[in-house]
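# Chain and residue survey
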Amino acid sequence: MPRIAYVDGAFTPHRDACVGIEDRGLQFADSVYEVWGVRNGRLMDSPGHLDRLFRSLGELRIAFPVTREALMIALEELRRRNRIRNGLLYLQVTRGVAPRDHGFPAQATPTMIATAKHIPQHKADARAKAGVSVVTAPDIRWGRCDIKTTGLTANILAKQHAREQGAFEVWMLDADGYVTEGSSSNAWIVASGDVLVTRPVTDNILAGVTRAAILRIAGELGLTVEERAFTPQEAMDAKEAFMTSASSFVMPVISIDGAQIGDGRPGETSVALRQGYEKLALNA
Ligand code: PDD
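Residues numbered from 1 in each chain as written. Predicted model: local features only at pLDDT ≥ 70, side-chain atom pairs only at ≥ 80, totals over all residues. Heavy atoms only, no water.

### Some points on the packing of aromatic side chains
Using the criterion set out here, one finds 5 aromatic pairs in the structure. Aromatic pair Trp188 and Phe242: ring centres 5.2 Å apart, planes at 20°, arrangement stacked. Of this pair, Trp188 sits in strand β10 (residues 186-191) while Phe242 sits in strand β13 (residues 240-245), placing them 54 residues apart in sequence. Side by side, Trp188 and Phe242 carry an identical accessibility label, which is buried. Just above the ring of Phe11 sits the side chain of Arg81; from NZ or CZ to the centre is 4.2 Å. Across the ring face of Phe104, the terminal group of Arg95 is positioned such that the distance to the ring centre comes to 3.6 Å. (Phe/Tyr/Trp six-rings, centres within 6.5 Å; stacked < 30°, edge-to-face > 60°. Helix = DSSP H or I, 4+ residues; strand = E, 2+ residues; numbered from the N terminus. Buried < 20%, exposed > 50% of the residue type's maximum accessible area, 1.4 Å probe, protein only. Lys NZ or Arg CZ within 6 Å of the ring centre and 35° of its normal.)

Next comes the structure, spelled out in C-alpha cells:
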C-alpha cells in the first residue's frame, strides 16, 4: 500500500509530495512542527499537541489559517489512509514560499505538510523492556528551545553523537553541567525516596506533552515530583532514569556515559509510568 502525505490541503502519494524550493522552511527553518504518537489507531494527547503547535506558531508570528478542528480531521484522515494503528504523525507548518529575504515576506501563505509513519509496536515494547543507554554532550542550541521549530541542527548532531557511541539518546548539558533534555525527549530520574526529578520548563527546554501527562500520572500514583535540574552524576546515583516523548512514551534509561543506573534494568516506577501513560492516552 503506498504511503500518503498531506500537503497544503491535498492528499498525495508520499513519493510525489513536494514543496517549493523557496519555501522558508527549507531556506531558513522558518517553520514549526509537531509529532503525535498513534497507539491502537488513536492519536495520543491531541489537545496538548495542538496547544503547543499554536503556541509555537504564535511565537514565530506565523498566521496559520487552519482551525484545530479542521487540522484534526485532516490528521485523522491521514492516519486512516495510511492505515496506521501504531506509529507517528508528523506535521510541519512553514511561513510559506517567498523570494529569499531574512525578514518576514509581506505576503506568504503558510505551507502545511503532514506525513505518517508505521512503527512495529513489538519493537518499541521490546526496547522499553530492555531499556536504553544515554550519553552526555554539551547543549549547543539557541535560547528558545521552548519553540518546536524545525531548526534541529544541534539536535541531529547530538543524536548522531549518541549513535556513534552506541547509545540511543543524548542528554544535553547546560553551561553549569546540568542536564537540559534529550535531543528529542525530556529527561527524568527517580532519586532516592522515589522522588521524580525533571527539569522545570523554561525557554531552554521543550515543554513535552508526554512530560505533562507523566506529571499528572505521577500525581495520581502518589509520587513526589521535584521540578529541578539534575547532573549526570545524580543520574548515575539515581534508582532509575527514563526519557519521555511522543515517539518513545516512557523509555527506561539503564546507563549514562557507560555507568549503570540502579541494577541496570528498567525500574518499577518507570514501568508503572509507561503503563499509566498507555492507559491514559487510550482513554483520552
Ligand atoms: N520530539 N524535547 C525535545 C527536544 C523534543 O524534540 C521532544 C519531542 C521532546 C518531548 O516532547 P513530546 O513529549 O511532546 O513528544 C522533548 C519529537 C517526538 C520528535 O522530534 O520526533
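### Some points on the pattern of salt bridges
Across all of its chains, the model carries 23 salt bridges by this definition. Between Glu278 and Arg39 there is a salt bridge, and its shortest N-O distance comes to 2.7 Å. With a gap of 239 residues between them, Glu278 in helix α8 (residues 268-283) and Arg39 in strand β3 (residues 31-39) connect regions that are remote in the sequence. What makes Arg39 buried here is its relative accessible area of 9%. For Arg211, the salt bridge is made with Glu227, and the minimal N-O distance between the two is 2.5 Å. Linking Arg211 in helix α6 (residues 209-220) with Glu227 in strand β12 (residues 224-227), this pair joins segments that are 16 residues apart in sequence. On the accessibility criterion, Glu227 (42% relative accessible area) is partly exposed. (Salt bridge = Lys/Arg side-chain N within 4 Å of Asp/Glu carboxyl O.)

### Some remarks on the site of the ligand
The full set close to the ligand counts 21 residues, and Arg52, Glu181, Val209, Thr210 and Ala246 are the nearest of them. Tyr33 is positioned such that a nitrogen or oxygen atom in its side chain is 2.8 Å from an oxygen atom of the ligand. Alone, the ligand offers 470 Å² of accessible surface; in the complex the protein occludes 93% of this. Contributing elements (two or more residues each) for the shell around the ligand: β3, α2 (46-59), β9 (179-182), α6 and β13. (Near = heavy atom within 4 Å. Polar contact = N/O pair within 3.5 Å; in protein donor to acceptor, adjacent residues only side chain to side chain. Areas by Shrake-Rupley, 256 points an atom, 1.4 Å probe, with all protein chains shown as cover.)

### Notes on the environment of Thr210
Mapped onto the elements, Thr210 comes out in helix α6. Relative accessible area serves as the criterion here: at 4%, Thr210 is assigned to the buried category. The sequence separation of Thr210 and Gly264 amounts to 54 residues, and the corresponding C-alpha distance is 24 Å. For Thr210, the contacting residues outside a window of four places in its chain are Asp45, Thr244, Ser245, Ala246, Phe249 and Tyr277. (Contact = heavy atoms within 4.5 Å.)

### Remarks on a nonpolar patch on the surface
The grouping of Ile140, Ile156 and Leu157 at the surface amounts to a nonpolar patch, some 330 Å² of accessible area in total. One can find Ile140 in the loop between β7 (132-138) and α5 (153-164). (Patch = residues over 30% accessible without salt bridge, like charges linked within 9 Å, V, L, I, M, F, W, Y side chains within 5 Å.)

### Brief notes about helix α4 (residues 121-130)
Listed as buried for α4 are Gln121, Ala124 and Ala128. Seen end-on, α4 carries its buried residues on one side only, within an arc spanning 70°. Exposed positions of α4 whose direction lies more than 90 degrees from the buried face are His122, Lys123 and Lys129. Positive backbone phi, at 85°, marks Gly131, one or two positions downstream of α4. (Arc of directions from axis to C-beta.)

### Let's talk about the pairing of β10
In terms of burial, β10 is a largely internal element, 6 of the 6 residues being buried. Residues of β10 alternate between two faces, with Asn186, Trp188 and Val190 on one and Ala187, Ile189 and Ala191 on the opposite face, all of them buried. Here 5 bridges tie β10 to β13, and the two strands are oriented antiparallel to one another. Within the sheet, the bridge partner assigned to Ile189 lies in β13 and is Ala241. Pairing of β10 with strand β11 (residues 195-198) involves 4 bridges; the strand directions are antiparallel. Residue pairing for β11: Val190 is matched across the bridge by Leu196. (Pairing = 2+ DSSP bridges.)

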